[in-house]
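# Fold and contact review
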Amino acid sequence: ACASGARMLWNPLLHKEYGLKTAFEYLQLDFAGLPAARLSSDLKLPGGCGWYGCAHGGPSYHSCAVVWDHRLGGDIIVPQPDLGSACRIWLLILGATGDKLYSCTVAFPTSGSHHDERWVEEMAGLNADLVKVAGGDGRQLNNVLIGGDFNFQPPELNNGCCTDSVARRSAWSEFRG
């Protein structure tokens, strides 16, 4: 999208040298999560681009989208509209043997205390989503892939240091259990 999110600019996705389409081909990707994509929630990809896609959140940095190869269609990769939020988008990926993989792309609010309340809400929402995916009791959670931008640097990945707010550190610790 343009900087304001008012109109869609397809070049970053479809450009032959540096677009996402080139990455799909070169890396043989099946799908990709796009945090902070700022794409319309009624996303319509250009005909012939070779992808399906869905988006949450609209023209905002508090949004995300996912695109996947057209060969996987709607039978193998299925969006999960009952899970997520504008900042979390879920897919169910069905394996040939009946196995299921849930994939969640996140775009949590940026740093700054004015975003902390929403960040904590998104973390609680992610936890609630995981309980639903696990069948309600939260005990049996298999085959889940979560990626994107959490806008958080946990101390476990930063030599014990954490410059994020107390609210975010507390929510992260609660999430981890």
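For the structure itself, look to the data block above.
### Points about the packing of aromatic side chains
One pass over the structure, following the stated rule, counts 9 aromatic pairs. Centroid distance tryptophan 90 to tyrosine 102: 6.4 Å. Interplanar angle 70°. Geometry classified as edge-to-face. Taken together, the residues span a long stretch of sequence, with tryptophan 90 in strand S5 (residues 88-94) and tyrosine 102 in strand S6 (residues 100-107) at a distance of 12 residues. Owing to a relative accessible area of 1%, tryptophan 90 belongs among the buried residues under this scheme. Relative to phenylalanine 175, the ring of tryptophan 172 has its centre 6.0 Å away and its plane inclined at 35°; by these criteria the two rings are tilted. Of this pair, tryptophan 172 and phenylalanine 175 are both found in helix H5 (residues 166-176), 3 residues apart, which corresponds to roughly one turn of the helix. Judged by its relative accessible area of 24%, phenylalanine 175 is partly exposed. Joined through ring pairs, the aromatic side chains of Phe108, Trp119, Phe150, Phe152, Trp172 and Phe175 make up one cluster.

### Side note on the packing of helix H4 (residues 116-133) against H5
The contact between H4 and H5 brings their axes to 9 Å, and the two run at 5°. With respect to their mutual orientation, H4 and H5 come out roughly parallel. Facing H4, whose interface residues are Asp116, Trp119, Val120, Met123, Leu126, Asn127 and Leu130, H5 presents Ala167, Arg168, Ala171, Trp172 and Phe175.

### Some words on H4
In this model H4 runs 26 Å from its N-terminal to its C-terminal C-alpha over 18 residues, within 8% of the 26 Å that 1.5 Å per residue would give. Taken residue by residue, H4 has Asp116, Trp119, Glu122, Met123, Gly125, Leu126, Asp129, Leu130 and Val133 as its buried positions. Its buried side turned inward, H4 meets S5, S6, strand S7 (144-149) and H5. A positive backbone phi angle near 95° is found at glycine 135, which sits one or two residues after H4.

### Focus on the pairing of strand S1 (residues 31-35)
Only one face of S1 is buried, namely the one carrying Ala32 and Leu34, since none of Phe31, Gly33 and Pro35 on the opposite face is buried. As defined by bridge partners, S1 adjoins strand S3 (residues 64-69) across 5 bridges and the pair is classed as antiparallel. The partner of phenylalanine 31 across the bridge, within S3, is tryptophan 68.

### Remarks on the side chain of arginine 88
By the element assignment, arginine 88 lies in strand S5. For arginine 88, the side chain forms a polar contact with the main-chain oxygen of glycine 84, separated by 3.5 Å. What arginine 88 contacts, discounting residues up to four positions off in sequence, is His56, Cys64, Cys104, Thr105, Val106, Phe108, Glu122, Gly125, Leu126 and Asp129.

### Remarks on the side chain of aspartate 129
Checked against the element boundaries, aspartate 129 lands in helix H4. Residue classification places aspartate 129 among the buried residues on the basis of a relative accessible area of 4%. A polar contact of 3.2 Å, which involves the side chain of aspartate 129, links it to the backbone nitrogen of glycine 84. Sequence-distant contacts of aspartate 129, that is, excluding residues within four places in its chain, are made with Leu83, Gly84, Arg88 and Trp90.

### Some details on the nonpolar core
Soluble, globular proteins show a tendency: their nonpolar side chains are buried together. Judged by nonpolar contacts, the single largest core of 15 residues is most densely connected at Trp90, Phe108, Trp119, Met123 and Leu126. Contributions of two or more residues to this core are made by S5, S6, H4 and H5. With 5 residues, H4 is the single largest residue contributor to this core. Leave out the neighbours within four places in its chain, and methionine 123 touches Phe108, Phe150, Ala171, Trp172 and Phe175.

Criteria and cut-off values
Residues numbered from 1 in each chain as written. Predicted model: local features only at pLDDT ≥ 70, side-chain atom pairs only at ≥ 80, totals over all residues. Heavy atoms only, no water. Phe/Tyr/Trp six-rings, centres within 6.5 Å; stacked < 30°, edge-to-face > 60°. Helix = DSSP H or I, 4+ residues; strand = E, 2+ residues; numbered from the N terminus. Buried < 20%, exposed > 50% of the residue type's maximum accessible area, 1.4 Å probe, protein only. Axes fitted to C-alpha atoms, helices over the stretch in contact; angles between N-to-C directions. Parallel < 35°, antiparallel > 145°, perpendicular 65-115°, else oblique. Contact = heavy atoms within 4.5 Å. Expected span 1.5 Å × (residues − 1). Pairing = 2+ DSSP bridges. Polar contact = N/O pair within 3.5 Å; in protein donor to acceptor, adjacent residues only side chain to side chain. Core = buried A, V, L, I, M, F, W, Y, C linked by side-chain atoms within 4.5 Å.

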